[in-house]
Amino acid sequence: ASQGKIATPLFSLYSSHGPVFRCMLRITRSRKWPREHYGFLAHNHVTGESRVVPWEQLMTGKLHEKQHQEKGGRLVMSGPMWTGPLHDETFIEAMQTAAS
């Protein structure tokens, strides 16, 4: 968004023979980014717990870090990253129509 462009996933693919991850994106011009689809991933490497942390929760500091420390380990944050849908249904339907 800082460059005036937004990337939105249209189609994603995973294959275990590699492993291979692919994501087809649509790039559009816009300075407004879909904030609701971006967040952070909090992961506790000791307990294996993971969860998405939205921007708002990160900014307020309400991560419940103490709860995770009592169970062992600590939260490790990754991001920001796309947390929205990885497929656009309209685009997928158009792909299916074109393939048949």
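Conventions used here
- Along every chain, residues carry numbers that run from 1 in the direction the sequence is written.
- Only residues with pLDDT of at least 70 are given local features in this predicted model, and only at 80 or more are side-chain atom pairs given and counted; all residues enter the totals for whole chains, interfaces and linings.
- Values shown for side chains rest on all heavy atoms present in the structure; no hydrogens or waters enter the calculation.
- Under the scheme used here, helices are H or I runs from DSSP no shorter than 4 residues and strands are E runs no shorter than 2 residues, and both carry numbers assigned from the N terminus.
- The criterion used for residue contact is that any of the two residues' heavy atoms lie within 4.5 Å.
- In protein, a polar contact means a hydrogen-donor-capable atom and an acceptor-capable atom, both N or O and within 3.5 Å, with residues adjacent in sequence counting only if both atoms are side-chain atoms; elsewhere, any N or O pair within 3.5 Å suffices.
- Residues enter a patch when their relative accessible area is above 30% and they make no salt bridge; the linking distance is 9 Å between like charges and 5 Å between nonpolar side chains (Val, Leu, Ile, Met, Phe, Trp, Tyr).
- Each accessible area value is a Shrake-Rupley result obtained with a 1.4 Å probe; residue values ignore everything except the protein chains displayed when judging cover.
- Only one rule defines a salt bridge in this text: a Lys or Arg side-chain nitrogen within 4 Å of an Asp or Glu carboxyl oxygen.

J.: So what exactly am I meant to see when it comes to the environment of D88 here?
T.: You can see D88 is positioned in the loop between β5 (75-82) and α3 (89-99). For the pair D88 and T8, spaced 80 residues apart in the sequence, the C-alpha separation amounts to 8.8 Å. Look past the residues within four positions of D88 in its chain and what remains in contact with it is P9, L10 and R26. A polar atom in the side chain of D88 sits 3.1 Å from the backbone nitrogen of T90. A polar contact of 2.9 Å, which involves the side chain of D88, links it to the backbone nitrogen of F91.

J.: Hey, could you run me through a nonpolar patch on the surface in this one?
T.: Together, L41, V52 and M81 give the surface a local cluster of nonpolar side chains, amounting to about 210 Å² of exposed area. Positionally, M81 belongs in strand β5.

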